[in-house]
Amino acid sequence: MRKNKTRKITPSAADVPSHRTAPTPPAERTLRFGDRWNYAPAPEAPVDIKIRPRYELFIGGKFVKPSSGKYFPSINPANEEQLAEIAQGEAKDVDLAVKAARRAYNGTWGKMSGRERGKYLFRIARLIQEKIRDLAVLESLDGGKTIRESRNIDLPLAAAHFFYHAGWADKLDYAFAGRRPRPLGVAGQIIPWNFPMMMAAWKLAPALACGNTCVLKPAETTSITAMHLAEIFAEADLPEGVVNIVTGAGNTGTAIVNHPDINKIAFTGSTGVGKLIAKSLAGTRKRLTLELGGKAANIICEDAPIDQAVEGIIQGIYFNQGHVCCAGSRLFVQEGIVEPVIRRLRNRLRVLRVGDPLDKNTDIGAINSRRQLERIREMVDSGRREGAEYYEQSCELPAKGFYHAPAFFTGVADSHRIAQEEIFGPVLSIMTFRTPEEALERANNTPYGLSAGVWTDKGSKVFKLATQLRAGVVWAETYNKFDPASPFGGYKESGFGREGGKQGLAAYLDFD
Amino acid sequence: MVEERAAAFTKRSIKTSAKLEGLHIAFSMLDLTTLEGRDTPGKVMTLCHKAMHPAHERYGVSPVAAVCVYPNLVSAAKAFLRGSPVKVASVATCFPSGLSALQTKLDDTRTALDAGADEIDMVIDRGAFLRGEHALVHDEIAAVKSLCGDVHLKVILETGELVTYDNVRAASMLAMRAGADFIKTSTGKVSPAATLPVTLVMLEAIRQFFFTTGIRIGMKPAGGIRTAKQALQYLVMVRETLGDDWLTPELFRIGASTLANDILMQIAKSSDGNYQSGDYFSLS
């Protein structure tokens, strides 16, 4: 038996023990994230996923060749290999699609009872849910997003949008007190490349629930899952022409916007293109909703739980490689907590795993396209030139494919381009503020107004800031949360109209 | 946000070589525990032998970090473990409630120390903490630590009774300031015991303490960790929150009893290619 040395019973306050090893000096207080224990690769194997060598247009319930006979390649951004060829739809194809949609509107869908429409939507939702794994792999192959996100977020949300709106289809008459809704007709819908399936669901589900028929154009770089969605529509026996999908580039979109027999345009994408669309629709009777860019402020007050706020920062800007219109790309940190926030952020960045989107452990996948990667690099150069301090995670990026390490800028001024323009990549601009009033003023000092985030332990501060932030969505103590029941949309140059919730339905209805 | 982050650690896919390595690391961090009113030297003997020689040597499993027993059984455990690297941890300070006079708690601790305990797992007075007498809790920990001297002190917060994350964080900081070498979630007598979110809050407190003082404090989740899969999730959390330096039995322990066999079964499966019946593994 061992004799113990210390034998004092009641210590004084000064008697706190000088145990433990000698403290590490401040300069060396860093955490090591090395290779004590490495995760083996855990790839989701795409072996049983059927990618067709060529995808046609989906018009009038059939897969048809484009009138031009032209196809363009769809690239896997993770390895720059061609996945498939996509039909290049042109004005003539758009015209056929609109005609098919009009026929379906007049012939079947427009007349169908809400209850019947709901049945189709429920069926589509269930089919998406059944195929989530396959669709998620396709989404990751085509767009570069991580399987972790496509499987756990994108696809479940896409299914949820169909489920949610299926439930509305037979209740529209009671949704708007004293007003009798009716569908608009044919809706032209143009969606972006950052959430291909989810955006398709956001657009199609409410339009169909309200009794409209659709012509959808997926983004040029991410058309594959939309065509698999078309197969789901066919499998669900959706009447022909109710949804038509025309793939192609910008001019295909222009043809949809300018088609005279379209009643409504819904566009999600860049503010630049949104402005062009608004111009071309001026003076027509077409209805329009736009969901455009953003440069959201994520405000961290000094009474916030810092460790949790850092998670919110990560979710805000590195989710989906930062390809998120509502990304928390301008971080405002109250001056008193700048050092601990940045220290934790650096540590957190070091455990973000960048690489193969199909590996289940990957946190940050591939940038969607070479063009976007160049745009991000160009913005990073501009930030450095203008004098902000750049930090990026030192990780080895795959030799092939489009990748960008997660990064942030400190010492950013409001006048810098990186504080004003959308980077649309995993690059954060960090600014500091002294009082919540100052943060509010500067957060609102942007042409955009899509979203914002607030972090504080004080409820009254949350309410004060949330009500005064000029943004369509304000998250408190969380970030980048989506729900089909919650309306989503922008202020100012981030667009107008809402998607999701009852407000989202109203965008696809006329009232007597 | 705490729950969300904690859930993210469960999504890491730990396969093949990473899994096997993780299982070995986790096993080496075990505090094999028996804390029952019916404990006898005989029971402690089987536990100690399991601690030293957990499985057939072809599996290459190293001994656990420690066994954890009541003070009266420390001397028995010491005797059975003589010559092995396995340490003896003893609960103390009127475990599990800690609702006794300080002097009684110190006597209890001294019993364990005199019997040769290498580590003391003390409980805090949750009643005092919850009614706001933080200074009292602090001073009691400091008193026990000063009695322990170089003997490692683990401070059990009993997070299931503190309930809120704010309380857990505050109690963690308080315990570390008062002299804890380790902070530990639970006694195992209260449900919920260790959970991933509560452990995360404590790891974040340890991180803050390290950044401000330069001192590395250890962490011990205990209670409710029964499967190898859960153990790996805790390792992932440590690895991604505090980094490599904490992936050692010096700074991370798991208090458990049934977990050991599940890890051994998984290790055997990795090596033999198939799961063995539970009958191939000694119950204790």
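1. Considerations on the overall build of chain A
So, point 1. The number of helices and strands found in chain A is 16 helices and 20 strands.
So, point 2. Its C-alpha atoms give chain A principal-axis dimensions of about 90 × 55 × 50 Å.
So, point 3. Expressed as a percentage of contacts within chain A between residues at least 6 apart in sequence, the contacts between residues at least 24 apart total 72%.

2. Section: the interface of chain A and chain B
So, point 1. Between chain A and chain B, the residue contacts involve 40 residues of the former and 44 residues of the latter.
So, point 2. Broken down by class, the residue content of the side of chain A that touches chain B amounts to 15 nonpolar, 11 polar and 14 charged.

3. With respect to the sheet that holds strand E15 (residues 407–410) of chain A
Residue and element names in this part refer to chain A.
So, point 1. The seven strands lie next to each other as E14-E15-E16-E13-E12-E17-E18, forming an open sheet whose pairing is mixed. Two strands lie at the open edges of the sheet, namely strand E14 (389–392) and strand E18 (473–476), each paired on one side alone. Looking at each pair of strands side by side, their axes are set apart by 20° on average, direction ignored.
So, point 2. Pairing of E15 with strand E16 (residues 427–433), which is carried by three bridges, proceeds in the parallel orientation. Paired with Phe-408 across the two strands is Leu-428, which belongs to E16.

4. As for the environment of Glu-85 of chain A
Residues and elements named next belong to chain A.
So, point 1. Along the chain, Glu-85 falls in strand E5 (residues 81–87).
So, point 2. A count of 16 C-beta atoms within 10 Å places Glu-85 in the partly exposed class.
So, point 3. If we ignore the near neighbours within four places in the chain, the residues touching Glu-85 are Pro-53, Arg-54, Tyr-71, Phe-72 and Pro-73.

5. Observations regarding the packing of helix H4 (residues 147–168) of chain A against helix H6 (residues 196–209) of chain A
Each pair of packed helices can be described by the angle between their axes along with the distance between the axes.
Residue and element names in this part refer to chain A.
So, point 1. With their axes 8 Å apart at the nearest point, H4 and H6 run at an angle of 5° to one another. Of the possible angle classes, the one that applies to H4 and H6 is roughly parallel. Residues Asp-154, Leu-155, Leu-157, Ala-158, His-161, Phe-162, His-165, Ala-166 and Trp-168 of H4 form the contact with H6, whose participating residues are Met-197, Met-198, Ala-201, Trp-202, Ala-205, Pro-206 and Ala-209.
So, point 2. Looking at the contact of H4 with H6 residue by residue, the class counts come to 13 nonpolar, two polar and one charged.

6. Some remarks on the sheet that holds E5 of chain A
Residue and element names in this part refer to chain A.
So, point 1. Read across the sheet, three strands follow the order E1-E5-E4 without closing on themselves; strand pairing throughout is mixed. The sheet is open, and its two borders are formed by strand E1 (54–55) and strand E4 (71–76), each paired with just one other strand.
So, point 2. Alignment of E4 against E5, held across six bridges, turns out to be antiparallel. Along E5, the bridge assignment pairs Asn-76 with Glu-81.

7. Observations concerning the environment of Val-257 of chain A
Residue and element names in this part refer to chain A.
So, point 1. Here Val-257 is to be found in helix H8 (residues 250–258).
So, point 2. By C-beta crowding, Val-257 is classed as buried, having 24 other C-beta atoms within 10 Å.
So, point 3. Taking the C-alpha atoms as reference points, Val-257 and Glu-499, separated by 242 residues in sequence, lie 19 Å from one another.
So, point 4. Sequence-distant contacts of Val-257, that is, excluding residues within four places in its chain, are made with Gly-188, Ile-265, Ile-277, Ser-280 and Leu-281.

8. What about the nonpolar core?
All names here are of chain B.
So, point 1. Counting residues in hydrophobic clusters, the biggest one holds 108 residues, and the most contacted among them are Val-67, Ala-77 and Ala-175.
So, point 2. When residues of this core are assigned to their parent elements, the largest contribution, 10 residues, is made by helix H10 (residues 196–213).
So, point 3. Once residues within four sequence positions are removed from consideration, Val-67 is found in contact with Leu-32, Leu-47, Cys-48, Ala-51, Ala-77, Val-86, Val-88 and Ala-89.

9. So, the domain arrangement of chain A
Residues and elements named next belong to chain A.
So, point 1. Here chain A is partitioned into domain 1 (54–292 + 492–511) and domain 2 (297–476).
So, point 2. Each of domain 1 and domain 2 was reduced to a C-alpha centroid, and the two centroids are 30 Å apart.
So, point 3. Of all the secondary structure elements, the ones that give two or more residues to the side of domain 1 that touches domain 2 are helix H3 (132–143) and H4.
So, point 4. Residue classes in the side of domain 1 that touches domain 2 are distributed as five nonpolar, eight polar and seven charged.

10. Some points on the confidence of the model for chain A
So, point 1. Considering every residue of chain A, the mean pLDDT works out to 94; 96% of them sit at 70 or more.
So, point 2. Note that pLDDT drops below 50 for residues 1–18 of chain A; the model gives that stretch 26 contacts with residues more than four away or on any other chain.

11. Quick look at the pairing of E16 of chain A
Residue and element names in this part refer to chain A.
So, point 1. Most of E16 is tucked away: six of the seven residues are buried.
So, point 2. Strand direction decides the pairing type here: strand E13 (residues 330–334) and E16, joined by five bridges, are parallel. When the sheet's bridge partners are listed, Phe-332 is paired in E16 with Met-431.

12. Examining unusual backbone geometry
So, point 1. Between Phe-95 of chain B and the following residue, Pro-96 of chain B, the backbone shows a cis peptide bond with an omega angle of 0°.
So, point 2. Note on placement: Pro-96 of chain B falls in the loop between strand E3 (87–92) and helix H5 (102–114).
So, point 3. Going from Ser-191 of chain B to Pro-192 of chain B, the amide bond is cis rather than trans, its omega being 0°.
So, point 4. The backbone of Phe-424 of chain A shows a phi angle near 55°, a positive value even though the residue is not glycine.
So, point 5. Following the sequence through the fold, Phe-424 of chain A ends up in the loop between helix H13 (417–420) and E16.
So, point 6. At Lys-492 of chain A, a residue that is not glycine, the phi angle is positive and equals roughly 45°.
So, point 7. Looking at where Lys-492 of chain A falls in the secondary structure, it is placed in the loop between E18 and strand E19 (495–496).
So, point 8. Lys-492 of chain A gets classed as partly exposed once you count the C-beta atoms within 10 Å, which come to 18.

About the cut-offs
Residues numbered from 1 in each chain as written. Chains lettered and ligands numbered in written order. Predicted model: local features only at pLDDT ≥ 70, side-chain atom pairs only at ≥ 80, totals over all residues. Helix = DSSP H or I, 4+ residues; strand = E, 2+ residues; numbered from the N terminus. Contact = placed C-beta atoms within 7 Å. Nonpolar A, V, L, I, M, F, W, Y, C, P; charged D, E, K, R; others polar. Pairing = 2+ DSSP bridges. Axes fitted to C-alpha atoms, helices over the stretch in contact; angles between N-to-C directions. Buried ≥ 20, exposed ≤ 12 C-beta atoms within 10 Å, placed from the backbone. Parallel < 35°, antiparallel > 145°, perpendicular 65-115°, else oblique. Core = buried A, V, L, I, M, F, W, Y, C linked by C-beta atoms within 7 Å. Domains from an automatic or database assignment. pLDDT = per-residue confidence, 0-100.

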